[in-house]
Amino acid sequence: MSKIALAIHGGAGTILRSRMTPALEAEYRSGLETALKTGWSALESGAAALDAVETTVRALEDFPLFNAGKGAVFTHEGEVELDAAIMDGSTKRAGGVTFVKNIRNPISLARLVMEQTEHALLAGEGANQFAEQMGVETAPDEYFFTEHRWLQLQEALAAGRVQLDHTGTPISDSNFQIERESRIWDLGSKPMGTVGAVACDVQGHLAAGTSTGGMTNKRFGRVGDSALIGAGTFADDVCAVSCTGHGEDFMLGVTAYDVAARMRYAGQSLKEAAQASIDQLTTIDGEGGLIAVDSEGNVTLPFNSEGMYRGFVDSGGNLTVQIYGV
């Protein structure tokens, strides 16, 4: 029997301690810890890795500070479009959705694509029709509206750029803040991002899942890496990987699969393979990170950005949450 393991991420980018308020940091840590405890409880109870990944990502989607589900960013048209993917390493089956709207938990819809269709990826109106057919829980536009995301869109529109939600310049200066629902949001830090989870269950089976709202002010039907199997999400019998960062770079690097390929064909360890895949991103000026777990319960979380919201639980049940770089 393998050691159970769980790791999560909430986005990577320019995440600086100097631009984070204590209240906001506490909020992020709380969100990461809640998700980890949710998934770990499932694994300890004997749940399959796939189930643990889905329930963990759902917890992250429900947390408004991360760019997925409730906290997703706005497109150029002021809408919320959601992407997600999940993969079961034991069966090597996967499902993904992109351009879906009003889906409360896109990761669960992605799993239905995997289990209830012959397809691996559904998009847009068709994906929403499938969700309706499956009775997937939806939410009105108001559920997805968060004020800090709306202000990010206004900044991006004014600057005429598409931006990662966790990277950018302050709206006015680094001290510009708003108070909402008794919480302090430092809008200058842009520290929100794609979420993901990877898990190894007691049988040594692996699974990975990723969910995102994409990039602030995205246009023209832009698709990132999160919903693309092999780019932002991958799992087999060797490892499970979920990526975060600039999606185009992870697509060009086929980064999630690259970790598995290095392990399978070059004999690299999980840590070596994951780090090499992140290092490879630098050849195309790529920025971001990934989380990965192998069938022995080993976990690694490399990144090349200033920080990455991340956490893991070791085989002894010890929970670790980290935000900044070394």
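Residues numbered from 1 in each chain as written. Predicted model: local features only at pLDDT ≥ 70, side-chain atom pairs only at ≥ 80, totals over all residues. Heavy atoms only, no water.

1. Comments concerning the overall build of the chain
Item 1. Of the regular secondary structure elements, the chain holds nine helices and 14 strands.
Item 2. By the burial criterion, 57% of the 326 residues in the chain qualify as buried.
Item 3. Accessible area for the chain stands at about 12500 Å²; split by element, carbon and sulfur atoms hold 48% of it. (Helix = DSSP H or I, 4+ residues; strand = E, 2+ residues; numbered from the N terminus. Buried < 20%, exposed > 50% of the residue type's maximum accessible area, 1.4 Å probe, protein only. Areas by Shrake-Rupley, 256 points an atom, 1.4 Å probe, with all protein chains shown as cover.)

2. Thoughts on the pairing of strand β13 (residues 307–313)
Item 1. Here β13 lies mainly inside the structure; six of its seven residues are buried.
Item 2. Bridge analysis of strand β1 (residues 5–13) against β13 gives seven bridges, and the strand direction is antiparallel. By the bridge assignment, isoleucine 8 is partnered in β13 with glycine 311.
Item 3. As judged from the five bridges shared by β13 and strand β14 (residues 319–324), these two strands associate in the antiparallel manner. Residue glycine 307 lies in a different strand from β14, and its bridge partner there is tyrosine 324.
Item 4. Following β13, the chain reverses through five residues before pairing antiparallel with β14; glycine 317 in that reversal takes a positive phi of roughly 85 degrees. (Pairing = 2+ DSSP bridges.)

3. Remarks on unusual backbone geometry
Item 1. Phi angles above zero are rare outside glycine, and phenylalanine 99 is one such case at about 65 degrees.
Item 2. Positionally, phenylalanine 99 belongs in strand β3 (residues 93–100).
Item 3. Phi is positive for asparagine 102, which is not a glycine, with a value near 65 degrees.
Item 4. Within the fold, asparagine 102 resides in the loop between β3 and α3 (106–116).

4. A word on the packing of aromatic side chains
Item 1. Under the criterion given, the structure shown has six aromatic pairs.
Item 2. Between the aromatic rings of phenylalanine 66 and tyrosine 309, the centroid separation amounts to 6.0 Å while the plane-to-plane angle is 65 degrees, which identifies the pairing as edge-to-face. Placement of the pair is phenylalanine 66 in the loop between α2 (49–61) and β2 (82–88) and tyrosine 309 in strand β13, with a sequence separation of 243 residues. Note on accessibility: phenylalanine 66 and tyrosine 309 belong to one class, buried.
Item 3. Ring-pair connections join several aromatic residues into one group, and the members of that group are Tyr28, Phe63, Phe66 and Tyr309. (Phe/Tyr/Trp six-rings, centres within 6.5 Å; stacked < 30°, edge-to-face > 60°.)

5. As for the pattern of salt bridges
Item 1. Enumeration over the complete set of coordinates arrives at twelve salt bridges.
Item 2. Its salt-bridge partner being lysine 92, residue aspartate 237 comes within 3.9 Å of it at the nearest N-O pair. Of this pair, aspartate 237 sits in the loop between β9 (233–235) and β10 (239–245) while lysine 92 sits in the loop between β2 and β3, and the two are 145 residues apart along the sequence.
Item 3. Across the pair aspartate 258 and arginine 262 runs a salt bridge, and its minimum N-O distance is 2.8 Å. (Salt bridge = Lys/Arg side-chain N within 4 Å of Asp/Glu carboxyl O.)

6. Quick notes on the packing of α2 against α3
Any two packed helices are characterised by how steeply their axes cross, that is the angle between the axes, and by the distance between the axes.
Item 1. Running from N to C, α2 and α3 point in directions that differ by 150 degrees, and their axes come no closer than 8 Å. The angle between α2 and α3 places the two elements in the roughly antiparallel class. On the side of α2, the interface is formed by Leu50, Asp51, Glu54, Val57, Arg58 and Glu61, while α3 contributes Pro106, Ile107, Ser108, Arg111, Met114 and Glu115.
Item 2. Grouping the amino acids of the contact of α2 with α3 by side-chain chemistry returns five nonpolar, one polar and six charged. (Axes fitted to C-alpha atoms, helices over the stretch in contact; angles between N-to-C directions. Parallel < 35°, antiparallel > 145°, perpendicular 65-115°, else oblique. Contact = heavy atoms within 4.5 Å. Nonpolar A, V, L, I, M, F, W, Y, C, P; charged D, E, K, R; others polar.)

7. With respect to the sheet that holds strand β11 (residues 288–294)
Item 1. Across the sheet, four strands lie side by side as β9-β10-β11-β12; this open sheet has antiparallel pairing. Edge positions in the sheet fall to β9 and β12 (299–300), since each has one partner strand and no second.
Item 2. Inspection of the sheet shows β9 paired to β10 by three bridges, in the antiparallel sense. Across the sheet, the residue bridging to phenylalanine 234 is valine 241, located in β10.

8. A look at the side chain of serine 211
Item 1. Here serine 211 shows up in strand β8 (residues 206–212).
Item 2. For serine 211, a relative accessible area of 0% translates into the label buried.
Item 3. Side-chain polar atoms of serine 211 contact the side chain of glutamate 61, separated by 2.7 Å.
Item 4. When near neighbours in sequence (up to four residues on either side) are disregarded, serine 211 contacts Val57, Glu61, Asn67, Ala68, Asp83, Ala84, Pro106, Thr194 and Val195. (Polar contact = N/O pair within 3.5 Å; in protein donor to acceptor, adjacent residues only side chain to side chain.)

9. Here we look at the side chain of arginine 310
Item 1. Checked against the element boundaries, arginine 310 lands in strand β13.
Item 2. For arginine 310, the side chain forms a polar contact with the main-chain oxygen of isoleucine 323, separated by 3.2 Å.
Item 3. Ignoring anything within four residues of it in the chain, the contact list for arginine 310 reads Ile8, His9, Leu32, Leu301, Phe303, Thr320, Val321, Gln322, Ile323 and Tyr324.

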